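# Understanding the architecture of this molecule
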2 protein chains.
Amino acid sequence: MPTPPALAAWHHIVASRDMRALADLLDADAVFHSPVVHTPQRGRALVLAYLTAAGQVFFNPTFRYAREVHGTHDAVLEFEVEIDGIQVNGVDMIRWNDAGRIVDFKVMVRPLKAIQLIHAKMAAMLQAAAPKGA
Amino acid sequence: MPTPPALAAWHHIVASRDMRALADLLDADAVFHSPVVHTPQRGRALVLAYLTAAGQVFFNPTFRYAREVHGTHDAVLEFEVEIDGIQVNGVDMIRWNDAGRIVDFKVMVRPLKAIQLIHAKMAAMLQAAAPKGA
């Protein structure tokens, strides 16, 4: 099955480590599901904020995709990365619509030690990105 | 893409909640990767013990597969289940060989509250299943 355009666009963003193209790739009603929290984050602006923070946490030189499975509107990309000496293994689960815009982005991480690390890192990153004085 | 036989066999085991057919489906050198612990569990006997314990923890009446993506030798099955009032969302990542035997089985779970619950439940289940006097 050839790589769907939305998935190719995501790979380009990851390879270039340039999250600026991401806004155009996200549907206005996109939803983000964090590995840490149950409640979904809804809307392009929030999804962009979460994925940008995630990029800063995950995209160090050891980050690599290890396995990929995709259908017509869904892909699961397994990744491996070492952060602060801890092996992090996870999946990006991406769903797009007929227009090729991402409508749903879910991340899961293992093992427990890694999810605890990501919890701490993401909280710090999102706090640093929050509007000052808010 | 039609459902590969190994994946169809796994779905049959899950639907029947009958783990006895699982031994035949596992390759002798199968590996299990837990959502909690980094170290892989190697060999059919250990994988069978882990998946049987996992079946007892996960397969209550609320368990359902919500999404599935597969290639020729890999599948990712997303599941949802409520355990002790906690929403558990996860993936079964299954890889099989040309003979249709499962060689690799990895589980990831979100959110953090759910992985903490699974940690406690699996430890209790594996301890109960350990040989007496060992």
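None of these values were measured; they are calculated from a predicted model. (Residues numbered from 1 in each chain as written. Chains lettered and ligands numbered in written order. Predicted model: local features only at pLDDT ≥ 70, side-chain atom pairs only at ≥ 80, totals over all residues.)

## A look at the nonpolar core
In plain terms, the rule: For this analysis, nonpolar core means a set of buried Ala, Val, Leu, Ile, Met, Phe, Trp, Tyr and Cys residues linked through C-beta atoms within 7 Å. Exposure in this text rests on C-beta crowding, where 20 or more other C-beta atoms within 10 Å of a residue's own make it buried, 12 or fewer make it exposed, and counts in between make it partly exposed. The C-beta atoms are placed from the backbone. By the convention adopted here, residues make contact when the C-beta atoms placed from their backbones lie within 7 Å.
Among the nonpolar cores identified, the biggest contains 66 residues, and V76, I102 and V109 of chain A together with V76, I102 and V109 of chain B are the most heavily contacted of them. In contact with V109 of chain A, not counting residues within four places along its chain, are P35, V88, G90, A114, I115 and I118 of chain A together with M108 of chain B.

## Examining the environment of L126 of chain A
All names here are of chain A. Rules: Each helix is a run of DSSP H or I of at least 4 residues and each strand a run of E of at least 2, with the numbering of both proceeding from the N terminus.
With respect to the helices and strands, the residue L126 is situated in helix α4 (residues 112-129). Given 16 C-beta atoms within a 10 Å radius, L126 is considered partly exposed. Remark: the alpha-carbon pair of L126 and A53, spanning 73 residues in sequence, is separated by 6.3 Å.

## Overview of the packing of helix α3 (residues 44-58) of chain B against helix α4 (residues 112-129) of chain B
Residue and element names in this part refer to chain B. What counts, and what does not: Helix axes use the C-alpha atoms of the stretch in contact, all axes being lines fitted to C-alpha atoms, and the angles between their N-to-C directions lie in the range 0 to 180 degrees. Each angle gets one of four labels, with under 35 degrees taken as roughly parallel, over 145 as roughly antiparallel, 65 to 115 as roughly perpendicular, and the rest as oblique. Each crossing gets its hand from how the near helix is turned against the far one by less than a right angle, where anticlockwise is left-handed and clockwise is right-handed. Each residue is assigned to one of three groups, with Ala, Val, Leu, Ile, Met, Phe, Trp, Tyr, Cys and Pro labelled nonpolar, Asp, Glu, Lys and Arg labelled charged, and all others, Gly among them, labelled polar.
Here α3 crosses α4 at 120°, and the two axes come no closer than 9 Å. One element, α3, and the other, α4, form an angle in the oblique class. For the crossing formed where α3 meets α4, the hand is right-handed. Here A49, A53, A54, Q56 and V57 of α3 lie close against α4, whose contacting residues are I118, K121, M122, M125, L126 and A129. Split by residue class, the contact of α3 with α4 holds 9 nonpolar, 1 polar and 1 charged.

## Remarks on the interface of chain A and chain B
Facing the 24 residues of chain A at the interface are 24 residues of chain B. Mapped by element, the contributors of at least two residues to the side of chain A that touches chain B are β3 (64-70), β4 (74-83), β5 (86-96), β6 (102-110) and α4 of chain A. Partitioned by chemical class, the residues of the side of chain A that touches chain B number 13 nonpolar, 7 polar and 4 charged.

## Here's the deal with the sheet that holds strand β1 (residues 26-33) of chain B
Pairing between sheet strands relies on hydrogen bonds along the backbone, with the strands arranged either parallel or antiparallel. All names here are of chain B. Convention followed: Two strands pair if DSSP finds at least two bridges between them.
Ordered in space as β2-β1-β6-β5-β4-β3, the 6 strands form an open sheet in which the pairing is mixed. Each edge of the open sheet is held by one strand with a lone partner, namely β2 (41-42) and β3 (64-70). By the bridge criterion, 8 bridges tie strand β5 (residues 86-96) to strand β6 (residues 102-110) in an arrangement that is antiparallel. In the strand pairing of β6, N89 is matched with R110.

## Details of the pairing of β1 of chain B
Residue and element names in this part refer to chain B. Here β1 pairs with β6 via 4 bridges, running parallel. Bridging from a neighbouring strand, H33 pairs with K106 of β6. Both β1 and β2 contribute to a ladder of 2 bridges, which runs antiparallel. Residue pairing across strands places V31 opposite R42, the latter belonging to β2.

## So, the relation of the copies chain A and chain B
To keep it simple, the criterion reads: Least squares is the method used to superpose the copies, on C-alpha atoms of residues holding a pLDDT of at least 70 in both.
Turning chain A through 180° and shifting it by 0.0 Å along the axis lays it on chain B, with an RMSD of 0.0 Å. Put plainly, the chains are arranged around a two-fold axis. The fraction of interface residues of chain A whose copies in chain B are also interface residues reaches 100%, indicating that both copies meet through the same surface.

## Focus: the sheet that holds β6 of chain A
Residue and element names in this part refer to chain A. Across the sheet, which stays open at both edges, the 6 strands sit in the order β2-β1-β6-β5-β4-β3 with mixed pairing between neighbours. Lying at the two open borders of the sheet, with one neighbouring strand each, are β2 (41-42) and β3. Bridge count for β4 against β5 is 10 bridges, and the pairing is antiparallel. Considered in β5, the bridge of V81 is made with V88. Helix α1 (residues 5-16) rests against β3, β4, β5 and β6 of the sheet, and its axis sits at about 145° to β5. Across the sheet, helix α3 (residues 44-58) is in contact with β1 (26-33), β2, β4 and β6; its angle to β1 comes to roughly 55°.

## Some details on the confidence of the model for chain A
Threshold: Values of pLDDT, ranging from 0 to 100, describe the predictor's confidence in every residue of the model.
The pLDDT averaged across chain A works out to 93; a share of 96% of its residues lies at or above 70. Prediction confidence for the complex, expressed as pTM and ipTM, is 0.93 and 0.92 respectively.

## Some words on α1 of chain A
Residue and element names in this part refer to chain A. Applied cut-off: To estimate the expected span of a helix, count its residues, drop one, and scale the result by 1.5 Å. It is the directions from the helix axis to the C-beta atoms whose arc is reported.
Between its first and last C-alpha atoms α1 spans 16 Å; for 12 residues at 1.5 Å apiece the expected length is 16 Å, and the two agree. All of the buried residues along α1 are A6, W10 and V14. An end-on view of α1 places all buried positions within 75° of arc, on one side of the element. α1 presents P5, A8, H12, A15 and S16 as exposed residues on the side facing more than 90 degrees away from its buried surface. Looking at the packing, one finds that the buried side of α1 touches α2 (22-25), β5 and β6. Within two residues after α1, R17 carries a phi angle of roughly 55°, on the positive side.

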